[in-house]
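Remarks on the overall topology
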Amino acid sequence: MDRTSLLKKWLPGLALVLLAFVSTPAQARSEPLYFALEVRRDGRLIAQPKLLGEAGRTLRAERRRPGASTPDYRLVLTPKGEGDSFELQLDLSLPEGEGHSQLALLHGQERKLQLGRVPGELEVSLLLMKVDSPEFRALMRLTDEKPGTVKSVSCSI
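Residues numbered from 1 in each chain as written. Predicted model: local features only at pLDDT ≥ 70, side-chain atom pairs only at ≥ 80, totals over all residues. Heavy atoms only, no water.

1. Some points on the pattern of salt bridges
Oppositely charged side chains are able to pair whenever their charged atoms sit close together. What counts here: A carboxyl oxygen of Asp or Glu within 4 Å of a side-chain nitrogen of Lys or Arg is what we treat as a salt bridge. Note on exposure labels: buried denotes an accessible area under 20% of the residue type's maximum, exposed denotes more than 50%, and partly exposed covers the range between, all computed with a 1.4 Å probe on protein chains only.
Evaluation of the coordinates by the stated rule reveals eight salt bridges. Note that Asp-72 is salt-bridged to Arg-65, the shortest N-O span being 3.3 Å. A residue is classified by how much of its surface remains accessible, and Arg-65, at 55% relative accessible area, is exposed. A single salt-bridge network, built from bridges that share partners, covers Glu-62, Arg-64 and Arg-74.

Here it is in structure tokens:
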């Protein structure tokens, strides 16, 4: 068998294999993410959750008082990595109502969302950060400290 006939036999199969790899969608980024939220109802702060999640995975959180049959709030965040930004779906349920929003955020970006029927009725401030970033470490004060440095002092009398 010569090279030409060998190429004629294997080339179509090789082309199909390469086409399968090229047409397969890229996996969504799976990055650890930090979310800081403030939920305000009629200007009054009612919740301030700080959550760790992961791109591509739904994050659910709720606050419920001991013995209460219904939660004070229920929050569902669904982040997806899209290039340099993150597509985020936010669902918030309160006893008085609920809200939904879809938005795109960059790392370190903070946005205010109006989820109520009128501005100010139900407002959410949302900050998103990649966990493994200098900005997140600075926010959490996780920077390397010199040995013997005092981070905080507390006293009670």
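2. What to know about the nonpolar core
How we decide: Working definition of a nonpolar core: buried Ala, Val, Leu, Ile, Met, Phe, Trp, Tyr and Cys residues. They are joined through side-chain atoms within 4.5 Å. By definition, any uninterrupted DSSP run of H or I lasting at least four residues is a helix, any uninterrupted run of E lasting at least two residues is a strand, and each is numbered from the N terminus. Here, residues are in contact when the closest pair of their heavy atoms is within 4.5 Å.
Counting 26 residues, the largest nonpolar core has Phe-35, Leu-37, Leu-75, Leu-77, Leu-90, Leu-92 and Leu-126 as its most contacted members. Secondary structure elements with two or more residues in this core: strand S1 (32-41), strand S2 (44-47), strand S4 (59-63), strand S5 (73-82), strand S6 (85-94), strand S7 (97-106) and strand S9 (122-130). Here the element with the most residues in this core is S6; it accounts for five residues. Setting aside residues up to four positions removed in sequence, Phe-35 forms contacts with Pro-49, Lys-50, Leu-51, Gly-53, Leu-59, Leu-77, Pro-79, Leu-88, Leu-126, Leu-127 and Leu-128. In this structure, Tyr-34, Leu-127, Met-129 and Phe-136 belong to the second largest nonpolar core, which totals five residues.

3. Quick look at the sheet that holds S6
What holds strands together in a sheet is hydrogen bonding between their backbones, with the strands either parallel or antiparallel. For the record, the criterion: DSSP-based pairing: two strands are paired if at least 2 bridges between them are found. Note on method: axes are straight lines fitted to C-alpha atoms, helices fitted across the in-contact stretch only, with angles between N-to-C directions ranging 0 to 180 degrees.
Across the sheet, which stays open at both edges, the four strands sit in the order S4-S5-S6-S7 with antiparallel pairing between neighbours. Whereas interior strands pair on both sides, the edge strands pair on one side only; in this sheet they are S4 and S7. Shown here is a sheet whose adjacent strand axes are inclined to one another by a mean of 15°, direction ignored. With ten bridges joining them, S6 and S7 adopt antiparallel strand pairing. When the sheet's bridge partners are listed, Ser-93 is paired in S7 with Glu-98.

4. With respect to the pairing of strand S3 (residues 50-54)
Only one face of S3 is covered, namely the face carrying Leu-51 and Gly-53; the face carrying Lys-50, Leu-52 and Glu-54 is uncovered. Note: S1 against S3, five bridges, orientation antiparallel. Its bridge partner being in S3, Tyr-34 is matched across the sheet by Leu-52.

5. Structural notes on unusual backbone geometry
In this structure, Asp-42 takes a positive phi of about 55° despite not being glycine. Positionally, Asp-42 belongs in the loop between S1 and S2.

6. Examining the environment of Gly-43
By secondary structure assignment, the location of Gly-43 is in the loop between S1 and S2. Gly-43 sits in the exposed class, given a relative accessible area of 54%. Between the C-alpha atom of Gly-43 and that of Leu-122, which follows or precedes it by 79 residues, the distance is 8.0 Å.

7. Some details on the side chain of Glu-123
What counts is decided by this rule: Contacts described as polar in this section are N or O atom pairs within 3.5 Å, which, within protein, must combine one atom able to donate a hydrogen with one able to accept it, while residues neighboring in sequence count only if both atoms come from side chains.
In this structure, Glu-123 sits in strand S9. Polar contacts involving the side chain of Glu-123 include one to the side chain of Gln-114, which spans 2.7 Å.

8. Focus on the environment of Leu-127
Inspection of the secondary structure puts Leu-127 in strand S9. Along the primary structure Leu-127 and Gly-108 are separated by 19 residues, whereas in three dimensions their C-alpha atoms are 6.6 Å apart. Excluding residues within four positions of it along the chain, Leu-127 makes contact with Tyr-34, Phe-35, Ala-36, Gly-108, Gln-109, Glu-110 and Leu-139.

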